Amino acid sequence: MTYELWILVWAAVLGLIQVGLPPIAAMSRTGYARWNAGPRDKEFDIGPLAGRLNRAFANFKETFVVFVVIVVALAFAGKSSELSRWGADIYLAARIFYIPLYAFGVVGVRSLVWIASLTGILMCLFGLFI
């Protein structure tokens, strides 16, 4: 298995962690456990932290799909390189840092970290074509 595929696995683990963060953050809201166990027919105010964690996860899913395609293509093409390995590392590190930055409402830096994650993806993509 290529290095980039291992990073992809760790990025998937990060995605699984992100699935659980919003409900954990929302547990402190009165009535959340009952609402969560029910049919969820009505909206529930999960609070700002859980809301930000939901949006951070939605953002992760938007970039993760692209990262998956490129990393799998790298593996099939046998194009793993130092550039693509660095790109995969940058993508994963940026996605890890993005979570607390978004959760705690850090503006500016959060956008730079998102750009770093995109740069990591582009490095992998470029590695596919060289």
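Please refer to the structure higher up on the page.
Note that this is a predicted model, so its numbers are computed, not measured. (Residues numbered from 1 in each chain as written. Predicted model: local features only at pLDDT ≥ 70, side-chain atom pairs only at ≥ 80, totals over all residues. Heavy atoms only, no water.)

Chemist: Would you explain the overall build of the protein in this entry?
Modeler: The helix and strand tally for the protein stands at five helices and zero strands. Each helix and strand of the protein, ordered N terminal to C terminal, gives the series α-α-α-α-α. Based on the C-alpha atoms only, the size of the protein along its principal axes is roughly 55 × 30 × 20 Å. Expressed as a percentage of its 130 residues, the buried residues of the protein come to 37%. Across the protein, the fraction of contacts at a sequence separation of at least 24, relative to all contacts at a separation of at least 6, is 76%. Roughly 7,700 Å² of accessible area belongs to the protein as shown, and the carbon and sulfur atoms make up 71% of that amount. Side-chain charges in the protein split into 11 positive and 7 negative, and the spacing between the mean points of these groups amounts to 6 Å. (Helix = DSSP H or I, 4+ residues; strand = E, 2+ residues; numbered from the N terminus. Buried < 20%, exposed > 50% of the residue type's maximum accessible area, 1.4 Å probe, protein only. Contact = heavy atoms within 4.5 Å. Areas by Shrake-Rupley, 256 points an atom, 1.4 Å probe, with all protein chains shown as cover. Lys, Arg positive; Asp, Glu negative; His and termini not counted. Charge placed at Lys NZ, Arg CZ, Asp CG, Glu CD.)

Chemist: Would you mind showing me how to read the pattern of salt bridges here?
Modeler: Where charged atoms from two side chains of opposite charge approach closely, those side chains can pair. What the rule picks out here adds up to one salt bridge. Between R29 and D45 there is a salt bridge whose closest N-O contact spans 2.9 Å. One end of the pair, R29, is in the loop between α1 (3-26) and α2 (32-37); the other, D45, is in the loop between α2 and α3 (48-77), and 16 residues separate them in sequence. For R29, a relative accessible area of 29% corresponds to the partly exposed category. For D45, a relative accessible area of 53% translates into the label exposed. (Salt bridge = Lys/Arg side-chain N within 4 Å of Asp/Glu carboxyl O.)

Chemist: Whenever I open this one, the nonpolar core confuses me. Can you help?
Modeler: Considering soluble globular proteins, one finds that nonpolar side chains tend to be buried as a cluster. In this structure, L8, A11, F60, F64, F67, Y91 and C124 are the most contacted members of the largest nonpolar core, which totals 26 residues. Here this core takes nine residues from α3, the largest share from any one element. Residues in contact with Y91, not counting those within four places in the same chain, are A11, F60, T63, F64, F67, S117, G120 and I121. A56, A94, L101 and V113 belong to the second-largest nonpolar core, a separate cluster that totals six residues. (Core = buried A, V, L, I, M, F, W, Y, C linked by side-chain atoms within 4.5 Å.)

Chemist: Explain the environment of N36 here, please?
Modeler: Inspection of the secondary structure puts N36 in helix α2. Considered as a pair, N36 and A26 are 10 residues apart in the sequence and their alpha carbons are 9.7 Å apart.

Chemist: What am I meant to see in the environment of F97 here?
Modeler: Considering the arrangement of structural elements, one finds F97 in helix α4 (residues 82-103). Its relative accessible area of 55% is what places F97 among the exposed residues. Considering only alpha carbons, one finds F97 and R52, 45 residues apart in sequence, at a separation of 14 Å.

Chemist: Quick question: what am I supposed to make of the packing of α1 against α3 here?
Modeler: The axes of two packed helices give the description: the angle between them and the distance between them. At a closest axis distance of 9 Å, the pairing of α1 and α3 adopts a crossing angle of 165°. Classified by the interaxial angle, the pair formed by α1 and α3 is roughly antiparallel. Of the two elements, α1 crosses α3, and the hand of that crossing is left-handed. Its residues placed into classes, the contact of α1 with α3 shows 24 nonpolar, three polar and one charged. (Axes fitted to C-alpha atoms, helices over the stretch in contact; angles between N-to-C directions. Parallel < 35°, antiparallel > 145°, perpendicular 65-115°, else oblique. Left-handed = near helix turned anticlockwise from the far one by under 90°. Nonpolar A, V, L, I, M, F, W, Y, C, P; charged D, E, K, R; others polar.)

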